[in-house]
Amino acid sequence: MTILKKVKENLFLAIVALVYIAMFIINPTMGAASVKNSGYYIKEMLMIMPVIFILTALLDMWVPKEKIMRYLGKEAKAKGVFLSFVVGSISAGPIYAAFPMCVMLHKKGASIRNIIIILSSWAVIKVPMLLNEAKFLGPKFMAIRWVLTVIAITIFSWIAAKIIKDEDLPGEVLTQPGLHINRDACMGCTLCAKNYPEVFEMENKKAVTKPYEGLDLDMDKLESAIKSCPVKAISYNEGGEI
Amino acid sequence: MDVFTLVVWVGTIAFLVFSFAKDKMKTKQALKMAFGMGKGMLASILSIIFAIGLILTIIPPEEIAKFLGGQSVLLATIGGALLGTITLVPAFIAFPLVGTLVGAGVSVIPSVAFLTTLTMVGVVTFPLEKKEFGAKFTAVRNSLSFLFAIVIALVMGVII
């Protein structure tokens, strides 16, 4: 990879580094103070970040999401709402990772309301994040904000479902036969490349498929790679059935 | 390390041991996933932290508190909510940051509005969301989230 490409990919980091260099030339005391200020957050982050990632991954792995998702249809009222909160609260990954999963759920019959609940709770009420919030802002602060947020999401998802109809969502796009990776959803966890390195590889922190034509696909390995993807970004379409 | 962090660590390690005893493969996958997620985010997290360090040196938290203290609460809250909408700071950096600000005397209400819109409303992710769900869905979800973030903040200001 060329240096220019690397700088382009980490443009923000490069800008911050430049400002620091300028700061140290113009005003070394302030530069030192900035590093010291950043040091506090780096220390705090290093103490909590590893556990948050591990806890998130463990929850994602152990809670039977597939089973829960079967109950998210329109008829499942209170139960569907409750389970949508559960799915959103335990899932791993940033909010944009939730988009493709929710589209898939909607195609399988989940209601608009439940999708909005999943998206919103995915964003604000992650369990490991609640622990982090309690650490820095106090358990009382966290608990009150959590309760209010759950109430707010319950109300506005109901309002939203009154405004948005199923037809407002874009229809299904016909896909070509073969393997597909939703690059917008991929968060670069590298699991697929580790599970089936003959077919998947990483490129610019995102998974891509290697040319696999003529290769005998090992369906077991492929299935385990598809299943392992935390954001369900991989799909396989067997030819001839479209 | 404070008690709270310690409890989280102990709990997670216990969960990890239990998980490992039950299913080695699954646990290994989870660890790989955690490591992959962390590695992918490290560069952007570090640059955000250094940027925050810089900003807090140029504008100390006490100054921010003084400035916001002079404004009307409603205005400061809408400002906090707007700021949360346009910025992309990972939540686990936002909590210690807001902790610093509240400690320096910034009112709780704008801080809560900032925290809620930060994660729930996304201008940066808007095009992505629109592509997947259509313009109407995205506009309705984001604007309702924004409104309710302000409501949550105001109610919290009354309770705390």
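Along every chain, residues carry numbers that run from 1 in the direction the sequence is written. Throughout, the order in which chains and ligands are written sets their labels, letters from A for the former and numbers from 1 for the latter. Under the rules for a predicted model, residues below a pLDDT of 70 receive no local features and side-chain atom pairs below 80 are neither given nor counted, while totals for whole chains, interfaces and linings still include all residues.

Draft legend 1. The arrangement of the overall build of chain B in detail. Secondary structure summary: chain B contains 8 helices and 0 strands in total. Reading chain B from its N end, one meets helices and strands in the order α-α-α-α-α-α-α-α. Projecting the C-alpha coordinates of chain B onto the three principal axes gives extents of approximately 55 × 45 × 35 Å. Out of the 160 residues in chain B, the part that is buried amounts to 40%. The contact criterion used is a C-beta to C-beta distance within 7 Å, with each C-beta placed from the backbone. In chain B, the share of contacts with a sequence separation of at least 24, taken over all contacts with a separation of at least 6, comes to 82%. A run of DSSP states H or I qualifies as a helix once it reaches four residues; a run of E qualifies as a strand once it reaches two. Both are numbered from the N-terminal end. With C-beta atoms placed from the backbone, the exposure class of a residue follows from how many other C-beta atoms lie within 10 Å of its own: 20 or more, buried; 12 or fewer, exposed; in between, partly exposed.

Draft legend 2. Geometry of the overall build of chain A. Each helix and strand in chain A was counted, giving 11 helices and 4 strands. Relative to its full complement of 242 residues, chain A shows a buried share of 40%. Counting contacts in chain A only where the partners sit at least 6 residues apart, residues at least 24 apart contribute 68% of the total.

Draft legend 3. Here's a closer look at the pairing of strand 3 (residues 206-209) of chain A. In this structure, strand 2 (residues 200-203) of chain A lies alongside strand 3 of chain A, joined through 4 bridges in antiparallel fashion. The partner of A:Glu203 across the bridge, within strand 3 of chain A, is A:Lys206. A pair of strands counts as paired when DSSP detects no fewer than two bridges linking them.

Draft legend 4. Molecular detail of the domain arrangement of chain A. Per the domain assignment, the segments making up chain A are domain 1 (11-61), domain 2 (63-168) and domain 3 (178-237). Just the C-alpha atoms count here: the centres of domain 1 of chain A and domain 3 of chain A sit 32 Å apart. All domain edges in this entry derive from an automatic or database-based domain assignment.

Draft legend 5. Here's a closer look at the interface of chain A and chain B. With 71 residues of chain A at the interface, the matching set in chain B holds 64 residues. Taken together, the elements giving at least two residues each to the side of chain A that touches chain B come down to helix 2 (11-26), helix 3 (28-62), helix 6 (98-107), helix 7 (112-124), helix 8 (127-137), helix 9 (139-163) and helix 10 (191-195) of chain A. Per-element accounting of the side of chain A that touches chain B gives the leading share, 22 residues, to helix 3 of chain A. Ten residue types, Ala, Val, Leu, Ile, Met, Phe, Trp, Tyr, Cys and Pro, are classed as nonpolar, four, Asp, Glu, Lys and Arg, as charged, and the remainder, Gly among them, as polar. Residue classes in the side of chain A that touches chain B are distributed as 53 nonpolar, 10 polar and 8 charged.

Draft legend 6. Layout of the nonpolar core. The term nonpolar core refers to a set of buried Ala, Val, Leu, Ile, Met, Phe, Trp, Tyr and Cys residues connected through C-beta atoms within 7 Å. One finds A:Ala57, A:Ala98, A:Cys102, A:Leu119, A:Cys192, B:Val98 and B:Ala149 to be the most contacted residues of the largest nonpolar core, which totals 106 residues. Sorting elements by how many residues they give to this core places helix 3 of chain A first, with 12 residues. In this view, A:Ala57 contacts A:Ala92, B:Ala30, B:Leu31, B:Met33 and B:Ala34; residues no more than four positions away in its chain are not counted.

Draft legend 7. Seen up close, the packing of helix 5 (residues 91-103) of chain B against helix 6 (residues 108-120) of chain B. All names here are of chain B. At a minimum axis distance of 11 Å, the contact between helix 5 and helix 6 shows a crossing angle of 170°. Looking at the two axes, helix 5 sits roughly antiparallel to helix 6. Between helix 5, through Ala 91, Ala 94, Val 98, Leu 101 and Val 102, and helix 6, the contact on the second element is made entirely by Val 108, Ser 111, Phe 114, Leu 115, Leu 118 and Thr 119. Of the residues assigned to the contact of helix 5 with helix 6, the class counts are 9 nonpolar, 2 polar and no charged. Working convention: axes come from line fits to C-alpha atoms, limited for helices to the stretch in contact. Angles between N-to-C directions cover 0 to 180 degrees. The labels follow the angle: roughly parallel below 35 degrees, roughly antiparallel above 145, roughly perpendicular from 65 to 115, and oblique for the rest.

Draft legend 8. Region of interest: helix 3 of chain A. Any helix carries an expected span of 1.5 Å times its number of residues minus one. Look at helix 3 of chain A: 50 Å from first C-alpha to last across 35 residues, which is about the 51 Å you get at 1.5 Å a residue. Bending is quantified residue by residue as the angle between axes fitted to the seven-residue window ending at that residue and the seven-residue window starting at it. The sharpest bend along helix 3 of chain A comes to roughly 35°, located at A:Ile48, with the proline A:Pro50 sitting one to four residues further on.

Draft legend 9. Structural context of the confidence of the model for chain B. Residue and element names in this part refer to chain B. Put simply, chain B has an average pLDDT of 87, and 99% of its residues get 70 or more. Between the elements of chain B, mean pLDDT differs from a low of 84, seen in helix 3 (residues 61-69), to a high of 93, seen in helix 8 (residues 135-159). For this predicted complex, the interface confidence comes out at an ipTM of 0.84, alongside a pTM of 0.77. pLDDT runs from 0 to 100 and stands for how confident the predictor is about each residue.

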